[in-house]
Amino acid sequence: MYRELNPAIYNGDGSESTWINLGYWPSPNIAKVNFPYQVACENLALLVGETAQLTEQTKSLLDLGCGRGDSLLLWRKKYGIASVVGVNV
């Protein structure tokens, strides 16, 4: 099934976040305190971006399995990537 990314999320300010990744808690102890799921999801996206070596010089990005596009929005804002494309298979 094909479905477009929600433009309100992709082009919006992030206030309507719909993260659906597993999240990343940098320490097992931090999960025991009030650590919002959205922050853990952003942490995972940032870790993936660092691992993929995204930088301000990255001109385009293809994300296979992009979910609802929240990671794309974060990477576009953080790195200023001009062309981002998300595909869900």
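So, here is what we can say about the structure in this document. Here the structure is a predicted model, which is why all the values come from computation and not from measurement.

Points about unusual backbone geometry
Positive phi is not limited to glycine here, since Q53 has a value of about 60°. Considering the arrangement of structural elements, one finds Q53 in the loop between helix 2 (37-51) and strand 1 (60-64). For Q53, a relative accessible area of 65% corresponds to the exposed category.

Observations concerning a nonpolar patch on the surface
On the surface, L62, L64, V85, V87 and V89 cluster together into a nonpolar patch covering about 520 Å² of accessible area. Secondary structure elements with two or more residues in the nonpolar patch: strand 1 and strand 2 (83-87). Looking at the secondary structure, you find V85 in strand 2. Given the relative accessible area of 41%, V85 is considered partly exposed.

With respect to the pairing of strand 2
Here five bridges tie strand 1 to strand 2, and the two strands are oriented parallel to one another. The partner of L62 across the bridge, within strand 2, is V85. Since strand 1 and strand 2 lie parallel, the crossover through helix 3 (residues 70-79) that links them has a hand, and here it is right-handed.

Focus on the packing of helix 2 against helix 3
Interhelical geometry of helix 2 versus helix 3 gives an angle of 60° and a closest axis separation of 10 Å. With respect to helix 3, the element helix 2 is oriented oblique. Along this stretch, helix 2 crosses helix 3, giving a crossing that reads as right-handed. Seen from helix 2, the contacting residues are E42, A45, L46, V48, G49 and E50; seen from helix 3, they are S71, L74, W75, K78 and Y79. A per-class count over the contact of helix 2 with helix 3 returns six nonpolar, two polar and three charged.

Quick notes on helix 2
In a regular helix each residue adds 1.5 Å, so 15 residues correspond to 21 Å; helix 2 covers 21 Å between its end C-alpha atoms and thus fits that length. Of the positions making up helix 2, those classed as buried are A40, C41, A45 and G49. Positive phi appears at Q53, one or two residues downstream of helix 2, with a value of about 60°.

Here is what the cut-offs are and how they apply
Position numbers for residues count from 1 along each chain, tracking the sequence in the order it is written. Totals for whole chains, interfaces and linings use all residues, but because this is a predicted model, local features are given only for residues with pLDDT of at least 70 and pairs of side-chain atoms are given and counted only at 80 or more. Side-chain measures here rest on the full set of heavy atoms in the structure, leaving out hydrogens and waters. Secondary structure elements follow DSSP: runs of H or I no shorter than four residues count as helices, runs of E no shorter than two count as strands, and numbering proceeds from the N terminus. Per-residue accessibility, obtained with a 1.4 Å probe over protein chains only, is compared with the maximum for each type, and a residue is labelled buried under 20%, exposed over 50%, and partly exposed between these values. Each patch is built from salt-bridge-free residues with over 30% relative accessible area, joining like charges within 9 Å and nonpolar side chains (Val, Leu, Ile, Met, Phe, Trp, Tyr) within 5 Å. Accessible surface area values rest on a Shrake-Rupley calculation with a 1.4 Å probe, where residue burial reflects the displayed protein chains alone. Any Lys or Arg side-chain nitrogen located within 4 Å of an Asp or Glu carboxyl oxygen qualifies as a salt bridge. Between any two strands, at least two bridges found by DSSP are needed for them to pair. Looking down the strands as they point away from the viewer, one classifies a crossover as right-handed if the path from the first strand across the helix to the second runs clockwise. The angle between two axes is taken between their N-to-C directions and runs from 0 to 180 degrees, where each axis is a line fitted to C-alpha atoms and a helix contributes only its stretch in contact. Roughly parallel refers to an angle under 35 degrees, roughly antiparallel to one over 145, roughly perpendicular to one between 65 and 115, and oblique to any angle outside these ranges. A clockwise turn of the near helix away from the far one marks a right-handed crossing, whereas an anticlockwise turn of less than a right angle marks a left-handed crossing. The contact definition used throughout considers only heavy atoms, calling two residues in contact when any of these lie within 4.5 Å. Classification convention: Asp, Glu, Lys, Arg as charged; Ala, Val, Leu, Ile, Met, Phe, Trp, Tyr, Cys, Pro as nonpolar; all other residues, Gly among them, as polar. Expected span of a helix: the number of residues minus one, times 1.5 Å.

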